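Breakdown of the fold
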Number of protein chains: 2
Amino acid sequence: MTRYLLARPRTLVPLTFFAARYESAKSSISEDLGIIRRTFKQRGTGILETIPGAAGGVRYIPTITKEDAAKFIDAMAKKMSTSDRLLPGGYVYLSDLLGDPMILEQIGRAISTQYVNERVDAVMTVATKGIPIAQSTAEFLNVPFVIVRRDSKITEGSTISVNYVSGSSSRIEKMELSKRSLKSGARVLIVDDFMKGGGTVNGMKSLIEEFDAETVGITVFAEAAFEGQHLVEDYTSLLKVDQINTLDKTLHVTTGNYFENNPELGKRDPQ
Amino acid sequence: MTRYLLARPRTLVPLTFFAARYESAKSSISEDLGIIRRTFKQRGTGILETIPGAAGGVRYIPTITKEDAAKFIDAMAKKMSTSDRLLPGGYVYLSDLLGDPMILEQIGRAISTQYVNERVDAVMTVATKGIPIAQSTAEFLNVPFVIVRRDSKITEGSTISVNYVSGSSSRIEKMELSKRSLKSGARVLIVDDFMKGGGTVNGMKSLIEEFDAETVGITVFAEAAFEGQHLVEDYTSLLKVDQINTLDKTLHVTTGNYFENNPELGKRDPQ
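Residues numbered from 1 in each chain as written. Chains lettered and ligands numbered in written order. Predicted model: local features only at pLDDT ≥ 70, side-chain atom pairs only at ≥ 80, totals over all residues. Heavy atoms only, no water.

The subject of this paragraph is the overall build of chain A. Along chain A, the regular secondary structure elements total eight helices and 12 strands. At 20 Å, chain A has a C-alpha radius of gyration in line with the 18 Å of a compact globule built from 271 residues. Oriented by its inertia axes, the alpha-carbon framework of chain A measures out at about 65 × 45 × 30 Å. Roughly 12000 Å² of accessible area belongs to chain A as shown, and the carbon and sulfur atoms make up 48% of that amount. Computing the positive centroid from 33 side-chain charges and the negative centroid from 33, chain A places the two 5 Å apart. (Helix = DSSP H or I, 4+ residues; strand = E, 2+ residues; numbered from the N terminus. Rg over C-alpha atoms; globule rule 2.2 N^0.38 Å. Areas by Shrake-Rupley, 256 points an atom, 1.4 Å probe, with all protein chains shown as cover. Lys, Arg positive; Asp, Glu negative; His and termini not counted. Charge placed at Lys NZ, Arg CZ, Asp CG, Glu CD.)

Residue and element names in this part refer to chain A. If you walk through the whole model with that rule in mind, you get 12 aromatic pairs over all chains. Connected via pairs of aromatic rings, a cluster forms that spans Tyr 4, Phe 17, Phe 18 and Tyr 22. Here the guanidinium or amino end of Arg 8 rests over the ring plane of Tyr 4, the centre of that ring lying 3.6 Å away. (Phe/Tyr/Trp six-rings, centres within 6.5 Å; stacked < 30°, edge-to-face > 60°. Lys NZ or Arg CZ within 6 Å of the ring centre and 35° of its normal.)

The two copies are related by a screw motion: chain A maps onto chain B through a turn of 180 degrees and a shift of 0.0 Å along the axis, at an RMSD of 0.0 Å. Look at the turn and shift together and you get a two-fold axis relating the two. The rotation axis passes nearest to the C-alpha of Thr 128 of chain A in chain A, at a distance of 3.1 Å. An overlap of 100% is found between the interface residues of chain A and their copies at the interface of chain B, pointing to a shared contact surface. (Least-squares fit on C-alpha atoms with pLDDT ≥ 70 in both. Contact = heavy atoms within 4.5 Å.)

Counting residues at the interface gives 46 residues for chain A and 46 residues for chain B. When chain A packs against chain B, close to 3800 Å² is buried across both sides, 55% of that on carbon and sulfur atoms. Where chain A packs against chain B, one counts zero salt bridges. Put simply, chain A and chain B have eight residue pairs in polar contact (both at pLDDT 80 or more) between them. Within the residue set of the side of chain A that touches chain B, elements represented by two or more residues are α1 (2–6), α3 (26–43), α5 (101–113), α6 (131–141) and β6 (145–148) of chain A. Classifying every residue of the side of chain A that touches chain B gives 20 nonpolar, 12 polar and 14 charged. (Buried area = accessible area lost by both parts, 1.4 Å probe. Salt bridge = Lys/Arg side-chain N within 4 Å of Asp/Glu carboxyl O. Polar contact = N/O pair within 3.5 Å; in protein donor to acceptor, adjacent residues only side chain to side chain. Nonpolar A, V, L, I, M, F, W, Y, C, P; charged D, E, K, R; others polar.)

Looking now at the sheet that holds strand β5 (residues 122–126) of chain A. Residue and element names in this part refer to chain A. Ordered by their spatial adjacency, six strands build an open sheet running β6-β5-β9-β10-β11-β12, and the pairing between neighbours is mixed. The open sheet terminates on both sides in strands that have one partner only, identified here as β6 and β12 (250–255). Along the sheet, successive strands turn relative to each other by an average axial angle of 25 degrees, direction set aside. Strand direction decides the pairing type here: strand β10 (residues 214–224) and strand β11 (residues 236–245), joined by five bridges, are parallel. Of the residues in β11, the one forming a bridge with Glu 223 is Lys 240. Most of the contacts of helix α7 (residues 199–210) go to strand β9 (residues 187–195), to which it runs at about 165 degrees, and overall it touches β5, β6, β9 and β10. (Pairing = 2+ DSSP bridges. Axes fitted to C-alpha atoms, helices over the stretch in contact; angles between N-to-C directions.)

All names here are of chain A. Relative to each other, α5 and α6 sit at 60 degrees, their axes nearing to 8 Å. Classified by the interaxial angle, the pair formed by α5 and α6 is oblique. Note that α5 runs across α6; the crossing there is right-handed. Side by side, α5 and α6 meet where Leu 104, Glu 105, Ile 107, Gly 108, Arg 109, Ile 111 and Ser 112 of the first sit next to Pro 132, Ile 133, Ser 136, Thr 137, Phe 140 and Leu 141 of the second. Of the residues contributing to the contact of α5 with α6, the split by class is seven nonpolar, four polar and two charged. (Parallel < 35°, antiparallel > 145°, perpendicular 65-115°, else oblique. Left-handed = near helix turned anticlockwise from the far one by under 90°.)

Looking now at unusual backbone geometry. The residue after Ala 127 of chain A, namely Thr 128 of chain A, is reached through a cis peptide bond having omega 10 degrees. Relative to the elements of secondary structure, Thr 128 of chain A occurs in the loop between β5 and α6. One non-glycine residue with positive phi stands out, namely Asn 142 of chain B, at about 55 degrees. Looking at the element boundaries, Asn 142 of chain B is found in the loop between α6 (131–141) and β6 (145–148). Asn 142 of chain B gets classed as partly exposed once you look at its relative accessible area, which sits at 21%. (Buried < 20%, exposed > 50% of the residue type's maximum accessible area, 1.4 Å probe, protein only.)

What follows covers the nonpolar core. Formed by 88 residues in total, the largest nonpolar core has its most connected members in Phe 221 of chain A together with Phe 221 of chain B. What Phe 221 of chain B contacts, discounting residues up to four positions off in sequence, is Met 76, Met 80, Leu 94, Leu 98, Ile 107, Ile 133, Asp 192, Asp 193, Ser 237, Leu 238 and Leu 239 of chain B. Counting residues in each nonpolar core, the second largest holds 25 residues, with Met 124, Ile 160, Ala 186 and Val 220 of chain A among its members. (Core = buried A, V, L, I, M, F, W, Y, C linked by side-chain atoms within 4.5 Å.)

The subject of this paragraph is the UniProt feature "domain: Bacterial purine repressor N-terminal" (unreviewed entry) in chain A. If you check UniProt for "domain: Bacterial purine repressor N-terminal" (unreviewed entry), the listed places come out as residues 1–62 of chain A in our numbering. This span, residues 1–62 of chain A, is 48% helix and 19% strand, and a straight line between its end C-alpha atoms measures 15 Å. (UniProt positions renumbered as here; feature names shortened; annotations may be inferred.)

For the rest of this paragraph, the subject is the domain arrangement of chain A. Residue and element names in this part refer to chain A. When the domains of chain A are assigned, the result is domain 1 (2–62) and domain 2 (66–261). Facing the 10 residues of domain 1 at the interface are 10 residues of domain 2. Both sides of the domain 1 and domain 2 interface together cover about 710 Å² of buried area, and 41% of this is carbon and sulfur. On the domain 1 side of the contact with domain 2, Pro 9, Arg 10 and Pro 62 bury the most area, a combined 70% of that side's loss. The interface formed by domain 1 and domain 2 holds zero salt bridges in total. Taken together, the connections running from domain 1 to domain 2 amount to five residue pairs in polar contact (both at pLDDT 80 or more). Partitioned by chemical class, the residues of the side of domain 1 that touches domain 2 number five nonpolar, three polar and two charged. (Domains from an automatic or database assignment.)

Our focus in this paragraph is the pattern of salt bridges. All names here are of chain A. Throughout the structure, instances matching the rule amount to 16 salt bridges over all chains. Measuring nitrogen to oxygen at the nearest pair gives 2.7 Å for the salt bridge that ties Asp 121 to Arg 119. Since its relative accessible area comes to 26%, Asp 121 is described here as partly exposed. Glu 173 is the salt-bridge partner of Arg 171, the closest N and O atoms lying 3.3 Å from each other. Three or more residues are tied together by salt bridges with common partners; here these are Glu 118, Arg 187 and Glu 214.

All names here are of chain B. Of the pairings in the sheet, the one linking strand β11 (residues 236–245) to strand β12 (residues 250–255) comprises six bridges and is antiparallel in character. Bridging across to β12, Leu 239 finds its partner in Thr 255. In this antiparallel pair of consecutive strands, β11 and β12, the connection spans four residues, and Lys 249 shows a positive phi of 60 degrees.

In structure tokens:
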């Protein structure tokens with residue numbers, strides 16, 4: 001049962017299904033689920049939610065504990081604060097971190113935990129570096145992810161596009177998404193790897209509006225210190241690159257606003 | 001223990017670790033692992049490999065059974081054979097499939113099962129559409145994945161690039177990978193979403209050579225029927241788009257060479 005539930009996050013599984021699968025009485029299934037629930041809680045794996053009634057069942061919602069999130073974000077901040085990550089133009093090399101399945105798992109877990117109580121229908125990001133974050137988050141939410149493109153590709157069919165102002169460079173750019181990628185009314189979570197002025201994220205918000213869909217939230221892996229007005233206000237960042245000194249080749253990375261925005265983190269437990 | 005092992009594919013866990021974690025004797029840990037092993041085998045989840053001796057332990061290797069792989073590939077072929085997927089130029093719309101975490105899980109499982117007996121140090125793909133496949137495969141192999149780029153980005157630091165001939169269009173193009181992405185001597189698995197002439201895959205092979213690394217294998221999600229000589233021969237495809245008729249707007253998709261290349265699929269069981 002553990003394996004079955006872990007493989008299907010946020011999916012309601014009727015107790016009768018397990019009873020038939022393991023040829024057991026519903027009462028002993030309930031007992032075993034109680035053990036799994038306690039273990040999940042104790043190890044910080046997630047919530048095992050029981051919905052009573054004929055249409056009920058059990059649902060596994062992966063979460064991260066406040067302690068695990070803090071430990072992970074601290075470790076990332078330390079890893080990112082090395083001068084050899086500094087690239088020309090004040091960018092930070094992240095490809096190794098965002099290519100590590102274990103790190104991506106933690107990122108996806110941390111982002112999705114914010115939306116334990118909310119319906120999310122899809123995760124959106126922009127190509128290329130946001131994709132691994134979107135995929136990992138989508139795995140934990142068990143919803144599809146869609147990829148917005150800055151370059152127009154012929155292999156996507158008809159698209160809807162928007163113009164947006166890149167906040168850091170003040171250039172007008174264009175992004176587009178295949179028309180059939182998103183249904184109207186969908187509740188969409190925006191994720192990205194790095195945010196400076198917020199122009200790209202703002203572009204995605206406009207794109208979601210063009211699809212008559214709704215933005216549930218915005219979370220970026222890292223935000224850069226930015227002098228000036230952010231184009232979006234209501235975002236969450238796991239990390240903040242708050243000092244970049246290209247002369248000394250030093251940078252300083254701290255925790256973003258993740259914990260401020262999630263004061264109740266890990267406190268919700270319906271049982 | 002199930003949860004712990006599932007979360008760490010291909011990682012050797014000493015029995016003493018579990019004994020300490022659960023405050024149990026090694027003998028009862030061994031007994032429980034026996035139950036998990038049988039369940040994993042019965043459900044086709046994977047192999048639980050026991051390495052004896054002081055430096056030994058237990059390792060979970062995720063696999064797919066021949067039956068599950070056949071069922072999955074058949075379902076994909078059916079899904080892909082709809083005329084509304086046909087795009088101008090003989091391309092096929094795959095973004096919805098490659099944005100579905102459940103489908104990606106099966107793809108990753110099917111690809112990684114081929115390398116149960118081999119050391120793989122990294123998975124490589126080219127941006128953009130290959131990324132979800134690389135990430136999913138890397139999760140099952142528990143190794144990093146690296147993303148080759150066709151466009152030169154300033155945010156990656158110094159890169160190594162190669163020129164390659166696009167097999168389908170016979171144009172000379174360029175692809176590059178950040179210099180620090182790959183270590184020399186690494187054993188690299190190439191994956192991609194779609195292959196026509198094999199030019200892109202061949203470019204990645206050259207790039208791996210430039211890094212003094214080694215290509216372990218090549219697997220693509222779908223290959224297109226291609227008139228002419230493929231630029232690579234030693235590849236595996238899960239699916240084959242064997243008839244595209246842009247006039248009638250019909251296409252026909254069948255199983256690729258996956259089962260031919262993996263006759264022993266699911267047969268290996270060391271215990």
